[in-house]
Structures are given as C-alpha cells and as structure tokens.
Amino acid sequence: NAGVMQNPRHLVRRRGQEARLRCSPMKGHSHVYWYRQLPEEGLKFMVYLQKENIIDESGMPKERFSAEFPKEGPSILRIQQVVRGDSAAYFCASSARQGASYGYTFGSGTRLTVV
Amino acid sequence: GQNIDQPTEMTATEGAIVQINCTYQTSGFNGLFWYQQHAGEAPTFLSYNVLDGLEEKGRFSSFLSRSKGYSYLLLKELQMKDSASYLCAASENQAGTALIFGKGTTLSVSS
C-alpha cells in the first residue's frame, strides 16, 4: 500500500511561470490537506479538500494560489505567476476520515525553487 | 493569537533520555500532536494527546497539561537514528483539519 505520493519531488520555476504540484492520497483516503514550509519556519496550513470540494482554504493566499481534488486523479496545488517568496517545501497529507486525530499521513513534499 | 514554541536545537548522546518541551497558545484546542521529520522526508506521526497526562508508546512518551498550555515529548534509550526534527502541532478546530505547527526542534544524537 503506497503512502501519500507527491510529485515532482523538486521543481524549479522562473519568476512568472506556473507551478503545478500533485498529490495522490493513500488508497481509501478521501481527505487531503496541503501545508507549506518556508525556510526556518514551521509547517503552515493552506487548504483542506475532500473529493471535488474545497472545505477550508483559510490558509491559502487569495491570489495566484488554487487547489483542486477532482473525482478522478490526484489533488493539484497550482501557483500562478510564481515569485521568489513562493520558494518552499509543499507537503500534502491525507486521511480516511476528517481530521488529524484519525491519522494524517504526509507525503515527502515538493520542494519548489523560484529563480 | 496562535503560537507554538519549542526549542530550536537539542543535543544528546546515545542511550540517554531527552525531553523536548512545547508550549502553545491557540484560540481553540482539540489535541496536541508530535511528529518526527528526517531531513528531506515526510513528517511521521508519533503521538496525539487530547486529555491531560502521559501517553507512553515504546521508547517515546508524550505529556499534556491543558491548563498550562504545555506538552513534552520524552525519548528514552536514544539511538543515532533518532537524530531528526521533532514537530509540535496543536489542533485548533474541533474538526482537527488545520494543525498549527511549531518551527521544530532539531535533535542531534551523538555516540
């Protein structure tokens, strides 16, 4: 049973380009959470999704960032017109039921570098 | 406001015991988590406390005092492989869907 799969592991984008980060949750998990880890900072919650629905996007910047979790396929975190400040590690987690207390499993992250 | 504080770095030797402290301030509270994260890898779940007291799980134990906004992670019989970052996180909402993380404590275990 594969864990949470994120790809790519490393992504380099020039300023102004788009970044697409993918997350395939564990089998049987329908709840997905995205977190961002800036250098020397703790993980920061961005968005919580269930299949086809955004449940909580209170941590996501209002502009340039969007997330989806379609009925088929992985969850996608999309960053448009990237800037240097977007350079960070982006982690996805999934759970079978709502909430971390039921068992969050994290992926290994995507390290985005904006040059 | 929301705040999770934990020491930045700690060092210890193999076979020793180390205690990593965490204090938290959140507007709501629905549990305290500890995760282990090796460099470049995914955070992995260690423990979850929602009631006051000590939870023991093998070499690792976690303690919570809700009235003091305080938790600690206790690691016994340290091994070299325990060298990692230890993340303290609080669940602020009842659904537990958005965790607030501290910056992590980097533990270095030497022989």
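My aim in this report is to walk through the structure given alongside it, one point at a time.

The rules behind each value
- Residues numbered from 1 in each chain as written.
- Chains lettered and ligands numbered in written order.
- Predicted model: local features only at pLDDT ≥ 70, side-chain atom pairs only at ≥ 80, totals over all residues.
- Heavy atoms only, no water.
- Pairing = 2+ DSSP bridges.
- Helix = DSSP H or I, 4+ residues; strand = E, 2+ residues; numbered from the N terminus.
- Axes fitted to C-alpha atoms, helices over the stretch in contact; angles between N-to-C directions.
- Contact = heavy atoms within 4.5 Å.
- Buried area = accessible area lost by both parts, 1.4 Å probe.
- Salt bridge = Lys/Arg side-chain N within 4 Å of Asp/Glu carboxyl O.
- Polar contact = N/O pair within 3.5 Å; in protein donor to acceptor, adjacent residues only side chain to side chain.
- Nonpolar A, V, L, I, M, F, W, Y, C, P; charged D, E, K, R; others polar.
- Phe/Tyr/Trp six-rings, centres within 6.5 Å; stacked < 30°, edge-to-face > 60°.
- Buried < 20%, exposed > 50% of the residue type's maximum accessible area, 1.4 Å probe, protein only.

**Some thoughts on the sheet that holds strand S3 (residues 18-25) of chain B**
All names here are of chain B.
Thought 1: Taking strand neighbours across the sheet as the criterion, the five strands line up as S1-S3-S8-S7-S6 in an open arrangement whose pairing is antiparallel. Strands with a single pairing partner mark the edges of an open sheet, and in this sheet they are strand S1 (3-5) and strand S6 (53-57). Averaged over all pairs of adjacent strands, the angle between their axes in this sheet comes to 15°, without regard to strand direction.
Thought 2: Direction of pairing for strand S7 (residues 60-65) relative to strand S8 (residues 70-75): antiparallel, over a ladder of six bridges. Paired with Phe60 across the bridge in S8 is Leu75.

**A closer look at the interface of chain B and chain A**
Thought 1: Each partner contributes residues to the interface: chain B has 17 residues there, and chain A has 21 residues.
Thought 2: Of the roughly 1,500 Å² buried between chain B and chain A on both sides combined, carbon and sulfur atoms contribute 57%.
Thought 3: For chain B, the biggest contributors to the area lost against chain A are B:Thr97, B:Phe101 and B:Lys103; these three give 33% of the whole.
Thought 4: Linking chain B with chain A are one salt bridge, by the criterion used here.
Thought 5: B:Lys103 serves as the salt-bridge partner of A:Glu41, at 3.9 Å between the closest nitrogen and oxygen.
Thought 6: Counting across the chain B and chain A interface gives two residue pairs in polar contact (both at pLDDT 80 or more).
Thought 7: The set of elements that each furnish at least two residues to the side of chain B that touches chain A consists of strand S4 (32-37) and strand S10 (99-101) of chain B.
Thought 8: Among the elements that take part in the side of chain B that touches chain A, S4(B) stands out by supplying three residues, more than any other.
Thought 9: Class assignment for the residues of the side of chain B that touches chain A results in ten nonpolar, five polar and two charged.

**Structural notes on the sheet that holds strand S8 (residues 75-79) of chain A**
Residues and elements named next belong to chain A.
Thought 1: In space, the four strands of this open sheet follow the order S1-S3-S8-S7, with antiparallel pairing throughout. The outermost strands of the open sheet, each flanked by one partner alone, are strand S1 (5-7) and strand S7 (65-68). Direction aside, the axes of adjacent strands within the sheet are offset by 15° on average.

**Focus on the packing of aromatic side chains**
Thought 1: Enumeration over the complete set of coordinates arrives at 18 aromatic pairs over all chains.
Thought 2: Following the ring pairs from residue to residue traces out a cluster consisting of A:Tyr33, A:Tyr35, A:Phe45, A:Tyr48, A:Tyr104, A:Phe106, B:Phe33, B:Tyr35, B:Phe45, B:Tyr48 and B:Phe101.

**Some remarks on the pattern of salt bridges**
Thought 1: Taken as a whole and assessed by the stated rule, the structure comprises six salt bridges over all chains.
Thought 2: Residue B:Glu56 is joined to B:Lys76 by a salt bridge in which the shortest nitrogen-to-oxygen separation is 3.7 Å. Linking B:Glu56 in strand S6 with B:Lys76 in the loop between S8 and strand S9 (84-91), this pair joins segments that are 20 residues apart in sequence.
Thought 3: Relative accessible area serves as the criterion here: at 56%, B:Glu56 is assigned to the exposed category.
Thought 4: Between B:Arg59 and B:Asp82 there is a salt bridge; the shortest N-O distance is 2.8 Å. Taken together, the residues span a long stretch of sequence, with B:Arg59 in the loop between S6 and S7 and B:Asp82 in the loop between S8 and S9 at a distance of 23 residues.
Thought 5: Taken together, the shared-partner salt bridges connect A:Glu18, A:Arg20 and A:Arg78 into one network.

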